[in-house]
Amino acid sequence: MNALPPKFDQWFASKGWSIHPHQQQMLDRADAPALLLIAPTGGGKTLSGFLPTLVDLADGNHQGMHTLYISPLKALAADIKRNLTTPVTEMGLPITIDERTGDTTATRRKRQRADPPHIFLTTPESLALLVSYEDAPRMFKGLKRVVIDEIHALAESKRGDQMMLALARLQTICPDLKRVGLSATVEDPQAIAHFMARHPDPCEILQADPGPAPDIRMLSTEEAPPWSGGGAAYAIPAVLEEIKKHQTTLIFHNTRAQAEIFFHNLWLANEDSLPIGIHHGSLDREQRARVEAAMVRGDLRAIVCTGSLDLGIDWGDVDLVIQIGAPKNVKRLVQRIGRANHRYNAPSKALLVPANRFEVVECVAALDAVLAGDLDGDPRGPGPRDVLCQHILIAACAGPFDADDLFAEMTSAGAYAALFRAEFDACLEFCATGGYALQAYDRWQRLLQRPDGQWQLRDPRAAQRIRMNIGTIQDTDTLKVRMRRNRGGKPLGEIEEGFAATLTPGDTFLIGGQIVKYEGLREMTVEVSRDAAKKPKIATFMGTKFATSTQLSARVQQMFTQDSWPELPRHTAEWLTLQREVSQLPQPGRLLIESFPHDGREQTVIYGFAGRNGMQTLGLLLTKRMEELGLHPMGFVATDYATLIWGLDALDDPAPLFDLGALQDGLETWLAGNAVMKRTFRASATIAGLIERNTPSARKSGRQATFSSDILYDTLLRYDPDHLMMQITREEALRGLVDFGRIEEMIARVDGRIDHKRLSRVTPLAAPLFLEMGRVPVKGAAEERLLAEEATRLMETSGLAQITPPPSDKPRWRAGF
Amino acid sequence: MALGSGALWWAEQSLLCVSDLHLGKSERIARRGGAALPPYDTRDTLTRLAADLTLTNARSVVCLGDSFDDLGAALALPEEERLWITRLQAGRRWVWIEGNHDPGPVNLGGSHLFELPIAPLTFRHIALPGASGEVSGHYHPKASVSLRGRSITRPAFLFDSDRLILPAYGTYTGGLRSRAEPLADLMRPEAQAIMTGKNPIAIPMPR
């Protein structure tokens, strides 16, 4: 056992603390090559990570950087700096601490590279940038430990893959580097251990005492939740009551748009003017910072928020967490609940608010899962190759490299341990020549192989362009929103370009909790003015719609096998009972399909339980199959559990629809022209360096110089469909938004056991589907026709139709062919 | 007549006019140390041009400037694509108008002009304020229409009683919204836009 030096003992004693068992364990294992600590929030997790560093540095003999700290959030790095400075100052330790993020000034960055601090705090992107410099070995000289905070969040994203590749690089520079990961509660610690350790090093996992079980309930209201929708407006009075009863409440939402609408409604009902704020990723940085500061000061009674508050910043005295809408994923729910009550050993308090009747069932299933400690998650699969391409370019920026060495280095990252050499070579080829079937760039290769076999940049100036484009976070094309003033009104936040394009002057939408009126677009900024309207045109700016996890879906199906549901509110239990009388409930291992006429159409409902994205894809594929079979489908709508398809003809035999082979064939053709593919392509092509977001001259040249990535996609599809970028796009789309994996899993789970019910009318379980938003029409010639109708209407209303043709001495232009 | 491809067809003169081909754009970007974009843009642009020529059997072709992404790109055109252009030129009058990207003669057949007057019209690259009967390109105009929550944006011709501005014909070209400043100022209030696509469609120019 490594005893604490006396100075530390005294400091702990002066604070009235004693060292936590897991902090001692971390100290004991300071020499392990890799160590993963799993601890709940508030368990002194960060100090556990740094204690060995502080002890080691206490004698003042270390030269240069000692410990590198990486966190997913800039704000977290700043927070940690504050928290570390306290013990360092109070114990009078000779330790320097500094942070570097995208916001750090150029002079400070220069100083950091010349004279590195002992403890260096940064983000994955800044780290990737730092290892791209030729002088990285000098900057990181002497580095002994790296501490990765909130590693569970990074392990789920490309940012984490990029970070691990950068760490592999650091490990080459500093072979004795020890890795420490700090994680919240997760379902599969082994997967994170594999992700973070140098392959094939072992990685020991330490589990801190999880603390007392959370006090978590479902909100019960007088009023029954509505049949569909996600707003939970019915629960506003009850939520306000809860806010009054507690010191500080966090109100989590699944999407930003829902958070905005809920916040707006909350204020309309907030008669006591309780101080309530809003925080989400689309808001302007200044606004977010103001809310965060007010929160830390304890000025706010409640914050309406989204995932942007998910990570471990210390928000002070939160004593209640409310989750609006079904949590979709038990692990995320547990981590959110952990935001309440940072006092170790006190139970966290949380309240679930189902937004509709089906979510009541899902909330109860999620509660059971939390109590059983049954977390969920899907294995992430091998590391994505677009990140690999970017890292090859980063390596080239740092200097000439040998392909064998780089391959060995990259495969030491857990996510890439199973990478084939041929796959790596394809990425290298892509970085060097573009990797096209048509050899076009012999003279302009980006990377050249020198006579000694090493690879280097053809043009050293390219390093600057590559560094400008480091990173894996995709900002969808967003436009800034500002109040219209003479010059530079107040920035409010950002909205998606696609949403902005649908606005016409006078339209109203919600942002930052206020209703604003669209005035116009000026130099890529959306200008708005305040508007007193009560009801906005809905804010449809981005919000990832999470899909319900496989495990939670299975629990819901399991609940359907019960004889009765004493744990459910009466309105919901009766609903399920009625469904069982009229038709049947979906059973595990079987697929329920109902068909019935309604609204003069033939309706088919498939209870596939494959998650929102999966069910959406299934809807597209099935309507395509039905079209082939002559059933005239007209459209569909999907939820996490079911897809509803309407059309002209009744479905008699569903079995042929679910032929996996035929669905896969359909997928191939459908995918090729699909918007999801194009969006995925843009993301992957940007990461892989095919599309440059930032160029030295970008600002000056204006908009018409850039062209849409869709054009690149279409061009590759036509002339080079097997190109590496197309392969990567397919891989990424299939595991992301298309979620075909869940459909395959469903078909395997069902294995032909289909229960098809022909009914005379709509069933209780199907009824809410008719109220769902997001109905998708089956298109074809539809777009051209809509366009023609709209054009006629516009010409008529503008009066232009009357004034054409113009006088005959002027040329006439016609639209033709 | 505005074709859905973005070309202009003047039947009385048997003249086909295309603007902003930007041939060799991918080569130029790679040469300057940028990304190696799929090198199929020239091929794609020429394929579409060949199709329009087959359709119209035009006796004259006017390329309205920025035909090459720069003069170096014109020189670096692969032999195959150079021959292809020569084949398209066979038996036709071919005029390259000078653009800001290609402000000098190129080593290909056809005549090279700063502007081309064919009464009552004048063909030039960049529109001159106050001109009349003018056909130009340069701005890569595009227009969008909102349809029940969706929005469709396409390259578009813009015209009023004084002038016509062609959309860019090249594959790797983006667009400038018709409501953006130089276009909105240049066009008269009653200007219309013709959106390209399978069925070209005229709408009031979006502002």
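The shown structure was predicted, so the numbers you read here are calculated from the model rather than taken from an experiment. (Residues numbered from 1 in each chain as written. Chains lettered and ligands numbered in written order. Predicted model: local features only at pLDDT ≥ 70, side-chain atom pairs only at ≥ 80, totals over all residues. Heavy atoms only, no water.)

Chemist: How should the sheet that holds strand 4 (residues 119-122) of chain A be read in this particular structure?
Modeler: Within a sheet, adjacent strands bond to each other through the backbone by hydrogen bonds, running parallel or antiparallel. All names here are of chain A. Sheet architecture is open: 7 strands sit in the order 3-4-2-5-6-1-7, paired in parallel fashion. Each edge of the sheet is formed by a strand with only one pairing partner; in this case those strands are strand 3 (97-100) and strand 7 (204-207). When strand polarity is set aside, the average angle formed by the axes of neighbouring strands in this sheet is 20°. Packing of helix 3 (residues 45-57) onto the sheet brings it into contact with strand 1 (34-38), strand 2 (67-70), strand 4, strand 5 (145-148) and strand 6 (178-183), and relative to strand 4 it is tilted by some 150°. Contacts from helix 10 (residues 189-196) reach strand 1, strand 6 and strand 7, with the element oriented near 145° to strand 1. (Pairing = 2+ DSSP bridges. Helix = DSSP H or I, 4+ residues; strand = E, 2+ residues; numbered from the N terminus. Axes fitted to C-alpha atoms, helices over the stretch in contact; angles between N-to-C directions. Contact = heavy atoms within 4.5 Å.)

Chemist: Would you mind going over helix 2 (residues 21-28) of chain A with me for this structure?
Modeler: Each α-helix turn comprises 3.6 residues. Residues three or four places apart therefore point the same way. Burial in helix 2 of chain A covers these residues: H22(A), Q23(A), Q24(A), M26(A) and L27(A). Among the structural elements, helix 1 (6-14), strand 1, helix 3, strand 6 and strand 7 of chain A are those in contact with the buried residues of helix 2 of chain A. (Buried < 20%, exposed > 50% of the residue type's maximum accessible area, 1.4 Å probe, protein only.)

Chemist: Sorry if this is basic, but what is going on with the pairing of strand 10 (residues 276-279) of chain A here?
Modeler: Side chains I276(A) and I278(A) of strand 10 of chain A all project onto a buried face; the interleaved residues G277(A) and H279(A) project onto the opposite face, where all are buried too. Note on the crossover from strand 10 of chain A through helix 13 (residues 285-297) of chain A to strand 11 (residues 302-305) of chain A: the handedness is right-handed. (Right-handed = clockwise from strand over helix to strand, strands pointing away.)

Chemist: I tried to follow the UniProt feature "domain: Calcineurin-like phosphoesterase" (unreviewed entry) in chain B on my own but got confused; where do I start?
Modeler: Residues annotated by UniProt as "domain: Calcineurin-like phosphoesterase" (unreviewed entry) correspond here to residues 15-113 of chain B. In residues 15-113 of chain B, helix accounts for 39% and strand for 16%; the two terminal C-alpha atoms are 16 Å from one another. (UniProt positions renumbered as here; feature names shortened; annotations may be inferred.)

Chemist: Which parts of the structure should I look at to understand the domain arrangement of chain A?
Modeler: A common way to report how large an interface is uses the accessible area buried once the components associate. Residue and element names in this part refer to chain A. Annotation of chain A at the domain level lists domain 1 (20-207), domain 2 (215-372), domain 3 (385-472 + 673-737) and domain 4 (478-530). If you look at the interface, domain 2 gives 9 residues, while domain 4 gives 9 residues. Summed over both sides, the interface between domain 2 and domain 4 buries roughly 820 Å², with carbon and sulfur atoms accounting for 55% of that surface. Counting the surface domain 2 buries against domain 4, the share from its top three residues, E260, H264 and D284, is 49%. Counting across the interface, domain 2 meets domain 4 through 0 salt bridges. One can count 1 residue pair in polar contact (both at pLDDT 80 or more) joining domain 2 with domain 4. For the side of domain 2 that touches domain 4, the element with the highest residue contribution is helix 12 (residues 256-269), accounting for 4 residues. Residues belonging to the side of domain 2 that touches domain 4 are distributed by class as follows: 4 nonpolar, 3 polar and 2 charged. (Domains from an automatic or database assignment. Buried area = accessible area lost by both parts, 1.4 Å probe. Salt bridge = Lys/Arg side-chain N within 4 Å of Asp/Glu carboxyl O. Polar contact = N/O pair within 3.5 Å; in protein donor to acceptor, adjacent residues only side chain to side chain. Nonpolar A, V, L, I, M, F, W, Y, C, P; charged D, E, K, R; others polar.)

Chemist: Even after reading the chapter, I still don't get the packing of aromatic side chains, so can you show me in this structure?
Modeler: Where two aromatic rings form a pair, the distance of their centres and the angle of their planes describe that pair. Residue and element names in this part refer to chain A. Within this structure, the stated rule accounts for 19 aromatic pairs over all chains. A ring pair is formed by F560 and F609, whose centres lie 6.3 Å apart and whose planes are at 75°; its orientation type is edge-to-face. Here F560, found in the loop between helix 21 (550-559) and helix 22 (570-582), pairs with F609, found in the loop between strand 22 (601-607) and helix 23 (611-628); they are 49 residues apart in sequence, far enough to count as distant. By relative accessible area, which is 2% here, F609 ends up buried. (Phe/Tyr/Trp six-rings, centres within 6.5 Å; stacked < 30°, edge-to-face > 60°.)

Chemist: What exactly am I supposed to notice about the environment of T123(A) here?
Modeler: Residue and element names in this part refer to chain A. Counting through the fold element by element, T123 comes out in the loop between strand 4 and helix 6 (124-131). Note: C-alpha distance between T123 and A437 (314 residues apart in sequence) is 38 Å. Filtering out sequence-adjacent residues up to four positions away, T123 remains in contact with I70, S71, L73, K74, R100 and T101.

Chemist: Which parts of the structure should I look at to understand the pattern of salt bridges?
Modeler: Once the charged atoms of two side chains with opposite charge are near each other, the side chains can pair. With the rule as written, the count across this model stands at 49 salt bridges over all chains. Taking the shortest distance from any N to any O, the salt bridge between E362(A) and K328(A) comes out at 4.0 Å. One end of the pair, E362(A), is in helix 15 (residues 357-371); the other, K328(A), is in the loop between strand 12 (320-324) and helix 14 (330-337), with 34 residues separating them in the sequence. For the residue pair E362(A) and K328(A), the accessibility class agrees, reading buried in each case. In the salt-bridge network here, residues are joined through shared partners; they are E27(B), R28(B), R31(B), D69(B) and D70(B).

Chemist: What's the story with the side chain of R100(A) in this structure? I'm lost.
Modeler: Mapped onto the secondary structure, R100(A) falls in strand 3. Despite its burial, R100(A) pairs with no opposite charge, the nearest such side chain being D135(A) at 8.8 Å. (Lys, Arg positive; Asp, Glu negative; His and termini not counted.)

Chemist: Quick question: what am I supposed to make of the environment of T46(A) here?
Modeler: Residues and elements named next belong to chain A. Along the chain, T46 falls in helix 3. Overall, the relative accessible area of 23% leaves T46 in the partly exposed class. Once the C-alpha coordinates of T46 and D751 are considered, the two residues, 705 residues apart in sequence, prove to be 48 Å apart. Those residues within four positions of T46 in sequence are excluded, and the remaining contacts are I80, D149 and L182.

Chemist: For this particular structure, what's the right way to read the side chain of R145(A)?
Modeler: Residues and elements named next belong to chain A. Examined against the element boundaries, R145 turns out to sit in strand 5. Of the side chains with opposite charge, D56 lies nearest to the buried R145, which makes no salt bridge, at 6.8 Å. There is a polar contact of 2.5 Å between the side chain of R145 and the backbone oxygen of G49. What R145 contacts, discounting residues up to four positions off in sequence, is A30, G49, P52, T53, H66, T67, L68, L177, K178 and V180.

Chemist: Teacher, can you tell me more about the packing of helix 6 of chain A against helix 9 (residues 158-173) of chain A here?
Modeler: Relative orientation and spacing of two packed helices are given, respectively, by the angle between their axes and the distance between those axes. All names here are of chain A. The contact between helix 6 and helix 9 brings their axes to 9 Å, and the two run at 35°. Here helix 6 runs over helix 9; the crossing is left-handed. Of helix 9, the residues touching helix 6 (which contributes P124, E125, L127, A128 and V131) are R159, Q162, M163, A166, L167, R169 and L170. Classifying every residue of the contact of helix 6 with helix 9 by side-chain character gives 8 nonpolar, 1 polar and 3 charged. (Left-handed = near helix turned anticlockwise from the far one by under 90°.)

Chemist: What exactly am I supposed to notice about the nonpolar core here?
Modeler: Across soluble globular proteins, nonpolar side chains show a tendency to be buried alongside one another. Residues and elements named next belong to chain A. F140, I392 and L447 are the most contacted members of the largest nonpolar core, which totals 118 residues. Top element by residues in this core is helix 16 (residues 385-398). It accounts for 9 residues. Viewed by domain, this core spans two of them, domain 1 (20-207) and domain 3 (385-472 + 673-737), each represented by three or more residues. The residues touching L447, leaving out its near neighbours within four places in the chain, are I392, A396, F401, L428, C431, A432, W455, Q456, L457 and R458. In this structure, F252, C363, W565 and L568 belong to the second largest nonpolar core, which totals 54 residues. (Core = buried A, V, L, I, M, F, W, Y, C linked by side-chain atoms within 4.5 Å.)

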